[in-house]
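The primary structure of each chain is shown beneath.
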Amino acid sequence: MIDVVVVGAGWSGLTAATRLASQGYSVVVVEKSRGPGGRSATRRQDGFAFDHGAQYLTARSDAFARQIEAWAGAGLLAPWRPRLSVFGQRPENAGGTPADRWVGVSGMNAVPHRLAEGLDCRWRWQVEGIEFDGREWQVVSSGGDRLRARSLLLTAPPAQSAALLGEAHPLSATLVAVCMQPCLTVMLGFDQAPAVSFDAAFVNQGPLAWIARNDDKPGHPGGPAWIAQASSEWSRENLESSPESVASELHAAMIELDAAFDVPTRLCIAHRWRYARAGSPLSGPILAEDANRLVLAGDWCAGERIEGAWISGMAAAKRLAALL
């Protein structure tokens, strides 16, 4: 009998799992992907490395700032100070400029990889069904594997967690009401770096929202690599478009911003994040059903940034420890 099964090896799931394991609880993390990190993903292909999900970390709370310093001291994070540009009118609701932007050394999944090293993680473990019989949770994979646990932590996107719990579950209505925005991303590898005067840019016009040079980040290997992320609106409108079409259109949008991007690419591929960020995150760090020892966590609970996922994971661990 496992104390806690954690579904999802992103920031919130690994944060909670690490905290609980350090307190002596038996924890198993199951993840449908082949490795940790969730949207803090780094793709390596054809001599290039792309942070095609989360771009950097910032800290607003003292607690997370201290945690960042600890990770930096362990060689996992480094400050990133790109030459920044802005295209278009900056939105009135845009946040202030952070004191520091931090990136994972060698890739944005550096910290999740380190957290996962000390845990019992089951990769490519797709959850097919969950059931609570009044005493324990049964978690079943698409391959027929079964885990028994005293408690359950779900960190999947809210729509996926709602599907696992079923429409009749008392938390389902809250979950389906959380609107997750998609994000389409293109990764471009060049033989020769485009001669632009910036390393990253916020874009407030056309289909784009953000572009950045990845090989300029501390510790990032590989050739000249750029990523471009589309706005939520454009991503929704083009969510089911072919990857080739998305890659072509977003590269063309980059060229409209700066003609220096109009050079041959060795790699130009798109990635679809169907659940990239919460349009309106919940006000609390977690959702919980104490009677069944069930907790749900994620950045959609406590803000869309990595710090929100970490705060949610810490709160989840605290609640589960109290329930166990």
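Our structure is the block above this text.
The notes below deal with the structure included here. Please read these numbers as outputs of a predicted model, since none were measured by experiment. (Residues numbered from 1 in each chain as written. Predicted model: local features only at pLDDT ≥ 70, side-chain atom pairs only at ≥ 80, totals over all residues. Heavy atoms only, no water.)

### Points about the nonpolar core
Working step 1: In this structure, Val29, Leu57, Trp71 and Leu153 are the most contacted members of the largest nonpolar core, which totals 47 residues.
Working step 2: The greatest single-element share of this core, amounting to eight residues, is contributed by helix H9 (residues 306-323).
Working step 3: Sequence-distant contacts of tryptophan 71, defined by excluding residues within four places in its chain, comprise Trp11, Leu57, Phe64, Leu76, Leu77, Val111 and Trp310.
Working step 4: Ranked by size, the runner-up nonpolar core spans 28 residues in total, among them Val127, Leu165, Leu175 and Leu287. (Core = buried A, V, L, I, M, F, W, Y, C linked by side-chain atoms within 4.5 Å. Buried < 20%, exposed > 50% of the residue type's maximum accessible area, 1.4 Å probe, protein only. Helix = DSSP H or I, 4+ residues; strand = E, 2+ residues; numbered from the N terminus. Contact = heavy atoms within 4.5 Å.)

### A look at the environment of arginine 43
Working step 1: On the secondary structure map, arginine 43 appears in strand S3 (residues 43-45).
Working step 2: Arginine 43 sits 65 residues away from methionine 108 along the chain, and the two C-alpha atoms are 9.8 Å apart.
Working step 3: At 3.0 Å, the side chain of arginine 43 and the side chain of glutamine 45 are in polar contact. (Polar contact = N/O pair within 3.5 Å; in protein donor to acceptor, adjacent residues only side chain to side chain.)

### Looking at the packing of helix H1 (residues 11-22) against H9
Working step 1: Here H1 crosses H9 at 40 degrees, and the two axes come no closer than 7 Å. Taken as axis vectors, H1 and H9 run oblique relative to one another. Of the two possible hands of crossing, H1 and H9 adopt the one that is right-handed. For the pair formed by H1 and H9, the contact residues are Trp11, Ser12, Thr15, Ala16, Arg19 and Leu20 on the first element and Ile306, Ala309, Trp310, Gly313, Met314, Ala316, Ala317, Leu320 and Ala321 on the second.
Working step 2: Classifying every residue of the contact of H1 with H9 gives eleven nonpolar, three polar and one charged. (Axes fitted to C-alpha atoms, helices over the stretch in contact; angles between N-to-C directions. Parallel < 35°, antiparallel > 145°, perpendicular 65-115°, else oblique. Left-handed = near helix turned anticlockwise from the far one by under 90°. Nonpolar A, V, L, I, M, F, W, Y, C, P; charged D, E, K, R; others polar.)

### Examining the sheet that holds strand S15 (residues 225-230)
Working step 1: Pairing is mixed across the open sheet formed by six strands, whose spatial order is S6-S13-S14-S15-S12-S16. In this open sheet, the two edge strands, each paired with only one partner strand, are strand S6 (84-87) and strand S16 (265-278). Neighbour-to-neighbour, the strand axes of the sheet open up by a mean angle of 15 degrees, direction not taken into account.
Working step 2: Alignment of strand S14 (residues 208-213) against S15, held across five bridges, turns out to be antiparallel. Each bridged residue has a counterpart across the sheet, and for arginine 213 the counterpart in S15 is tryptophan 226. (Pairing = 2+ DSSP bridges.)

### Considerations on unusual backbone geometry
Working step 1: If you check the backbone angles, serine 106 has positive phi at about 85 degrees while not being a glycine.
Working step 2: By the secondary structure assignment, serine 106 is in the loop between strand S7 (102-104) and helix H3 (110-117).
Working step 3: Although it is not a glycine, arginine 124 adopts a positive phi angle of roughly 55 degrees.
Working step 4: For arginine 124, a relative accessible area of 61% puts it in the exposed group.

### As for the pattern of salt bridges
Working step 1: Within this structure, the stated rule accounts for 14 salt bridges.
Working step 2: Arginine 148 is the salt-bridge partner of glutamate 136, the closest N and O atoms lying 2.8 Å from each other. Of this pair, glutamate 136 sits in the loop between strand S9 (127-132) and strand S10 (137-141) while arginine 148 sits in strand S11 (residues 146-154); the two residues are twelve residues apart in sequence, bridging distant segments of the chain.
Working step 3: Arginine 148 sits in the partly exposed class, given a relative accessible area of 40%.
Working step 4: Residues aspartate 215 and arginine 213 are paired through a salt bridge, measuring 2.8 Å at the closest nitrogen-oxygen approach.
Working step 5: Look at aspartate 215 and you get buried, because its relative accessible area is 16%. (Salt bridge = Lys/Arg side-chain N within 4 Å of Asp/Glu carboxyl O.)

### Some thoughts on H3
Working step 1: Taken as a whole, H3 has its buried residues at Ala110, Val111, Pro112, Leu115 and Ala116.
Working step 2: The inward-facing, buried residues of H3 abut H1, helix H2 (62-73), strand S5 (77-79), S7 and strand S8 (120-123).

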